[in-house]
Each structure stands twice: as C-alpha cells, then as structure tokens.
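A look at the structure
Below are the chains, spelled out letter by letter.
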Amino acid sequence: QVQLVESGGGLVQTGGSLRLSCAASLRIFNYGMGWFRQAPGKEREIVAAINWGGGSTYYSDSVKGRFTISRDNTKNTVYLQMNSLKPEDTAVYYCARSTTGWGTGASQYTNWGQGTQVTVSS
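Below is a short write-up of the structure. Note that the structure is predicted; figures quoted are calculated from it, not measured.

Quick notes on the overall build of the protein
From N to C terminus, the protein includes zero helices and eleven strands. Listed N to C, the secondary structure of the protein is β-β-β-β-β-β-β-β-β-β-β in terms of helices and strands. Taken over the C-alpha trace, the protein has a radius of gyration of 13 Å; the compact-globule value for 122 residues is 14 Å, and the two agree within 12%. Taking the principal axes of its C-alpha atoms as reference, the protein extends roughly 40 × 25 × 25 Å.

Structural notes on the side chain of N76
When you line up the elements, N76 lands in the loop between β7 (67-72) and β8 (77-82). For N76, a relative accessible area of 17% gives the class buried. Among the polar contacts listed, one links the side chain of N76 to the backbone nitrogen of I28, at a separation of 3.3 Å. Among all residues touching N76, those that are not within four sequence positions of it are C22, A23, A24, L26, R27 and I28.

Things to note about the state of the cysteines
The tally for this structure, following the rule as stated, stands at one disulfide. Each sulfur of the disulfide joining C22 and C95 lies 2.0 Å from the other. Judged by the sign of its S-S torsion, about -75°, the cystine formed by C22 and C95 is left-handed. Pair noted here: C22 is in strand β3 (residues 18-24) and C95 is in strand β9 (residues 91-98), with a separation of 73 residues, a long-range link. For C95, a relative accessible area of 0% corresponds to the buried category.

The rules we used
- Residues numbered from 1 in each chain as written.
- Predicted model: local features only at pLDDT ≥ 70, side-chain atom pairs only at ≥ 80, totals over all residues.
- Heavy atoms only, no water.
- Helix = DSSP H or I, 4+ residues; strand = E, 2+ residues; numbered from the N terminus.
- Rg over C-alpha atoms; globule rule 2.2 N^0.38 Å.
- Buried < 20%, exposed > 50% of the residue type's maximum accessible area, 1.4 Å probe, protein only.
- Polar contact = N/O pair within 3.5 Å; in protein donor to acceptor, adjacent residues only side chain to side chain.
- Contact = heavy atoms within 4.5 Å.
- Disulfide = S-S within 2.5 Å.

So this is what it looks like as structure tokens:
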C-alpha cells in the first residue's frame, strides 16, 4: 500500500507563495495524481490534477493561473506551486493517487495523504 506524505504547508500572508510536496513511498509512474483541499465546514474539492506523464493537467477555476501542479516520477513526488495566495485558499491540502486514470472526482482517487495545513492571513 502506497503512503503519501504532504509537506510545505504553513502560514503565509495574502499574495504570498507556498510550494507543497507530496512524497510517495512507492512508484507513482503510470498513476494520475491530484491535489484536493478541504476548508472547515466545506466539502473536499479538487484543486489540480496531473496525468501519469505530466503532459495533461487540470485546475479548478478558483486556482487557475495561480497554482501549478507538476511531478517528478524519478523522485516519486508531486508538487503544487501556489502563488498569489488568498485567504479563501486556507484549507487542509491533500495529495491523492488515482488508480483509474486521472480526473477531477475524489472517488477516482484511491490513496490519500494525511494533509498539510495552509493558512493565508489577510
């Protein structure tokens, strides 16, 4: 069973940047990967997703143009570069691995990390 460990979260001011990392204990080659987030009192939502080779990506409208997802299959790591952060980006961010291709639905993702807290102060 693969383990996913997120890191890089923290407290940042509005307009700041953070880079999240997701390290997998097993190879992630051939698997779609995604970043989700969940704010207090809200449902978990997709933030970004990337296919196995990195050639295709998806971003939610709320982060498009500000966040960038990438992956390094040689390091079994996925990244989420977050720029121009806003208070509404405050949430716990989760990394996930899909075993059914890649997509935007949480049900497509089988393996999940424990999450990393991102807090953006106004």
